[in-house]
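# Coordinate inspection notes
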Amino acid sequence: MLSSPDLSFSRTLPIVVFNQLGELLEQMAQTVGSAVLILTEAALVRICIPVEWQRQRFTLVVSEQFSVLLVGTFEQESREREGQGIYSEINAQLTFNLEAIASFVCELRDLFECDSYTHQNLERYQQIIRPNDATLQSQFTLLLLEYLLTQPNQEIIAPPSPVGPAVYICQPVEDALKKQISQERLLNQVTTQIRKSLDLPVIMATAITQVREFLELDRLVIYKFAGSQVNSKQYQSDSISLNETALTTGMELSVSEPAEIYFSIHENNEQNSPSVSVNNQTLLEDYQQYGGYIVYEARARDAITSVLNYTEKNCFVRTSQCWEKYQQGFTLAVDDVEKTYALEECLLNFLRECQVRAKFAAPIMFEDKLWGLLIAHQCDEPHQWNDSEKTLLVAIAEQLAIAIHQAELMQTLTQEKQNLEQRVIERTMALRDALLAAEAASRIRSEFLATISHELLTPLTYVIGMSSTLLRWPLGELSQRQRGYLQTIHDSGEHLLAMINDILDLSQIEAGKTALNISEFSLVNVAENAVKSLRKKATSEQINLILDLQIDPRRDRFTADAKRVEQILLNLLTNAIKFTPESGSVTLRLWVEDDSAIFQVEDTGIGIPEEQLPLLFEKFQQLDTPYRRRYEGTGLGLALTKQLIELHRGRIEVESTVSIGSIFTVWIPTQAVRVVS
């Protein structure tokens, strides 16, 4: 803090003497003139300050003719010794050194936001510090001497007699206990009312009236931010249409006071005119984000100005840094606005005209959102807010938050009930239509599949059977060209039959009509059968087909659908052979982990680009590769494979690198011995 070695005065003083010196400086400042700044630590109450500033008291007088600084710091040892934050002594420093005063003003300025009026005014006052006028300096010296010489000698007060009347000694304690009991009773009344009623306007109006009377406040108001969740329509009768008024007059908020503006004293004669409108969309958005209005007010007497009819004018800016403080539970206690807002001339004039001399603001929050503020006013005299008053106001704000939350839930519940009833009617009709459409689609699908089965499978059976018979005839009766034609017919029929079977299998699975035939079988036998079935094909393609069994013979027995498992392996091996160049290899590995059989098909094929992997198991999808022209297909093989694996509650994963190869890994858990749909 103050670090200049050139000090006129430095010593430890009783806190009472320190306060009297501060009053003396303020008295001296009154004789300097109008262009003088008088500032105390009260100006810091509305901002978050470092710890070292919290233990400091000061009185600062700055003008072109006379400047002086009185600053005192409570020592940590003194705090621990005194306890409860009560101090009897303070390390005081009184200086007229211009550099020390300017340095203090600079540090004080930096505590405020750079775009605030306080920051700007302190920067301006820092520039006007000049050497003190000799006449004023002498006048202060005489005033100080007069003060010191007129102080009466301190009398020694004898301790109270032990035989004195005990009623006087215990009376303050008894009064404090009675007040605490009354305060708890009031809080219980408010809490009970909130629990019994869901009428938010009644709860708020009753609560602030009772609290105002109990604390003997001049005015108590509830301020609501425009963006709060509870519908503002329920307040329109109490707030005298301030919502619309604030919009039409362009409300803006203070950097130091988010919306605790209580509405500017300047009345707008055109506020009720239908021709008044929002200037632009930006103004409306600013109001919705930062604006608000007072929804309830309780006054001690009619002579106190009502803030319900006022709107802001020009003392406020659109953004505020105080929202975060209030959202974190910050409470604002201003004992005297004349000292706290000494540098906020426009705001201070506004508070004077609104008859605000002291104020306390507590946030109203629910669900970690800042709903509004509970604001207490004393209008005529400064007021030191004690802990009892602060505790009660904060507790009332918390209870109001509960009431708001209840109202929000009830409002949401009512709206949801109405919406649900409407949705039930709409969904019932939609479900009925969907059911009829599904039944029609299912019937058409069944008819289509039946037609496919009869009209395609039966002719294909004849084509394949007859071509096979002709191929087995003696060579002499058929020419080589004729035999080639027959082989083409036979292979095409087999290919078409396999494609139709895949379509039928996939349709049956998607329709939920496929059942697994669960039985116990040998995993090795299934793997060997699959490899044996494709050995000839692999040899014709000049591909090395390998079976790698990594299974303990004692775990060879497995429970699943053997036919479907073999179909899965055949599809994966066929796909691997199809996309593996000549002289490549395809390996089928088999092992068991826990209760799952794991099959892995690895090839040295062309690989799959990473961007095409998501399409790998889609129906009727073939990856765009050079091998696509060589092996035509419908793209159903891998889609059907994935469906069969998932029917076993298993999974499949793919690892692939272009021009190196792919690895398909399948996990199939053991199945219960029953038919699973």
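The structure we're discussing is the one just above.
The paragraphs below set out a description of the structure included in this document. On a predicted model such as this, the values are computed, not experimentally measured, just so you know.

### Focus: the overall build of the protein
- In terms of helices and strands, the protein carries 19 helices and 17 strands.
- Per-residue burial over the protein gives 44% buried out of 677 residues.
- If you take every contact in the protein between residues at least 6 apart in sequence, the share linking residues at least 24 apart comes to 74%.
- Of the roughly 36900 Å² of accessible surface on the protein, a fraction of 51% belongs to carbon and sulfur atoms.

### What to know about the packing of helix α1 (residues 15–30) against helix α6 (residues 134–149)
- Between α1 and α6, whose axes approach to 11 Å, the crossing angle comes to 140°. Taken together, the axes of α1 and α6 lie oblique to each other. In the packing of α1 onto α6, the handedness of the crossing is right-handed. Between α1 and α6, the contacting residues are Q20, L21, L24, L25, Q27 and M28 on the first element and L136, Q139, F140, L143, L144 and Y147 on the second.
- Across the contact of α1 with α6, the residue classes break down as nine nonpolar, three polar and no charged.

### Digging into the pattern of salt bridges
- Per the stated rule, a full pass over the model turns up 15 salt bridges.
- A salt bridge links K339 to E26; its shortest N-O distance comes to 3.8 Å. In this pair, K339 is assigned in helix α13 (residues 337–340) and E26 in helix α1, connecting sequence segments 313 residues apart.
- Relative accessible area serves as the criterion here: at 21%, E26 is assigned to the partly exposed category.
- In this structure, R651 and E653 form a salt bridge, with 3.5 Å as the shortest nitrogen-oxygen distance.
- The exposure class of R651 is partly exposed, given its relative accessible area of 43%.
- Put simply, D218, R301 and D380 are held in one network by salt bridges that share partners.

### Looking at the side chain of S468
- Here S468 is to be found in helix α15 (residues 387–471).
- Reaching out from S468, the side chain makes a polar contact with the backbone oxygen of I464 at a distance of 2.8 Å.

### Points about the pairing of strand β6 (residues 219–225)
- Of all seven residues in β6, seven are buried; the element is thus mostly enclosed.
- Of the two faces of β6, the one lined by R219, V221, Y223 and F225 and the one lined by L220, I222 and K224 are each fully buried.
- Here seven bridges tie β6 to strand β7 (residues 292–299), and the two strands are oriented antiparallel to one another. Looking at the pairing, R219 lines up with R299 of β7.
- As paired strands, β6 and strand β10 (residues 369–378) are joined by six bridges and run antiparallel to one another. In the sheet register, V221 faces β10, and the bridge partner there is I375.

### Structural notes on the packing of helix α4 (residues 98–110) against helix α5 (residues 117–127)
- It is at 9 Å that the axes of α4 and α5 come closest, and there the two elements cross at 170°. Between α4 and α5, the angle falls in the class roughly antiparallel. Note that α4 runs across α5; the crossing there is left-handed. On α5, the residues touching A102, V105, C106, L108, R109 and D110 of α4 are H119, L122, E123 and Q126.
- Considered class by class, the residues forming the contact of α4 with α5 number five nonpolar, two polar and three charged.

### Topic: the environment of Y223
- With respect to the helices, strands and loops of the structure, Y223 is situated in strand β6.
- For the pair Y223 and I294, spaced 71 residues apart in the sequence, the C-alpha separation amounts to 4.2 Å.

### Examining the sheet that holds strand β5 (residues 89–95)
- What the five strands build is an open sheet, ordered β1-β5-β4-β3-β2; its pairing is antiparallel. The open sheet terminates on both sides in strands that have one partner only, identified here as β1 (9–14) and β2 (37–40). For this sheet, the mean angle separating the axes of adjacent strands, direction not counted, is 15°.
- Inspection of the sheet shows strand β3 (residues 56–62) paired to strand β4 (residues 68–73) by six bridges, in the antiparallel sense. Paired with L60 across the strands is L69, a residue of β4.

### Observations regarding empty space enclosed by the protein
- Throughout the structure, instances matching the rule amount to one cavity of 30 Å³ or more.
- In this structure, the largest cavity spans a volume of roughly 30 Å³.
- If you go around the largest cavity, the residues you meet are L21, L25, L70, L94, F140 and L144.
- For the lining of the largest cavity, the secondary-structure elements that each account for two or more residues are α1 and α6.
- Residues belonging to the lining of the largest cavity are distributed by class as follows: six nonpolar, no polar and no charged.

### Considering the nonpolar core
- Membership of the largest hydrophobic core comes to 42 residues, with the highest contact counts inside it found for L523, L572, L573, V586, L588, F599 and F664.
- Put simply, the parts of the chain that give this core at least two residues each are α16 (480–510), α17 (523–540), β13 (557–560), α18 (562–578), β14 (585–593), β15 (596–603), α19 (637–647) and β17 (661–669).
- For this core, the element with the highest residue contribution is α17, accounting for eight residues.
- When sequence neighbours within four positions are dropped, the list of residues in contact with L523 reads I551, R555, D556, F558, L590, V592, A597 and F599.
- Membership of the second largest hydrophobic core comes to 36 residues, among which are V211, L220, W371 and A403.

### Focus on α1
- Given a rise of 1.5 Å per residue, 16 residues ought to cover 22 Å, and the 23 Å separating the end C-alpha atoms of α1 matches this to within 8%.
- Here the buried face of α1 lies against β1, β2, β3, β4, β5 and α6.

### Some words on the sheet that holds β7
- Spatially, five strands are ordered β7-β6-β10-β9-β8 in an open sheet, and the strand pairing comes out antiparallel. A single partner strand is all that each edge strand has here, and the edge strands are β7 and β8 (332–334). The sheet shows a mean angle of 15° between the axes of neighbouring strands, taken without regard to direction.
- Of the pairings in the sheet, the one linking β8 to strand β9 (residues 358–366) comprises three bridges and is antiparallel in character. Within β9, the residue paired with L332 across the bridge is A361.
- Sheet contacts for helix α8 (residues 200–215): β6, β7 and β10; angle to β7, the most-contacted strand, approximately 50°.

### Regarding a nonpolar patch on the surface
- Taken together, the side chains of L142, L145, L148 and L149 make up a nonpolar region of the molecular surface, amounting to roughly 450 Å² of accessible area.
- Within the element layout of this structure, L145 appears in helix α6.
- Using a relative accessible area of 44% as the deciding quantity, one classes L145 as partly exposed.

Conventions we followed
Residues numbered from 1 in each chain as written. Predicted model: local features only at pLDDT ≥ 70, side-chain atom pairs only at ≥ 80, totals over all residues. Heavy atoms only, no water. Helix = DSSP H or I, 4+ residues; strand = E, 2+ residues; numbered from the N terminus. Buried < 20%, exposed > 50% of the residue type's maximum accessible area, 1.4 Å probe, protein only. Contact = heavy atoms within 4.5 Å. Areas by Shrake-Rupley, 256 points an atom, 1.4 Å probe, with all protein chains shown as cover. Axes fitted to C-alpha atoms, helices over the stretch in contact; angles between N-to-C directions. Parallel < 35°, antiparallel > 145°, perpendicular 65-115°, else oblique. Left-handed = near helix turned anticlockwise from the far one by under 90°. Nonpolar A, V, L, I, M, F, W, Y, C, P; charged D, E, K, R; others polar. Salt bridge = Lys/Arg side-chain N within 4 Å of Asp/Glu carboxyl O. Polar contact = N/O pair within 3.5 Å; in protein donor to acceptor, adjacent residues only side chain to side chain. Pairing = 2+ DSSP bridges. 1 Å grid on protein atoms, 1.4 Å probe; cavity = no way out; pocket = protein on both sides within 12 Å on 5 of 7 lines; lining within 4 Å. Points joined across faces, edges and corners; volume = space filled by probe spheres on them. Core = buried A, V, L, I, M, F, W, Y, C linked by side-chain atoms within 4.5 Å. Expected span 1.5 Å × (residues − 1). Patch = residues over 30% accessible without salt bridge, like charges linked within 9 Å, V, L, I, M, F, W, Y side chains within 5 Å.

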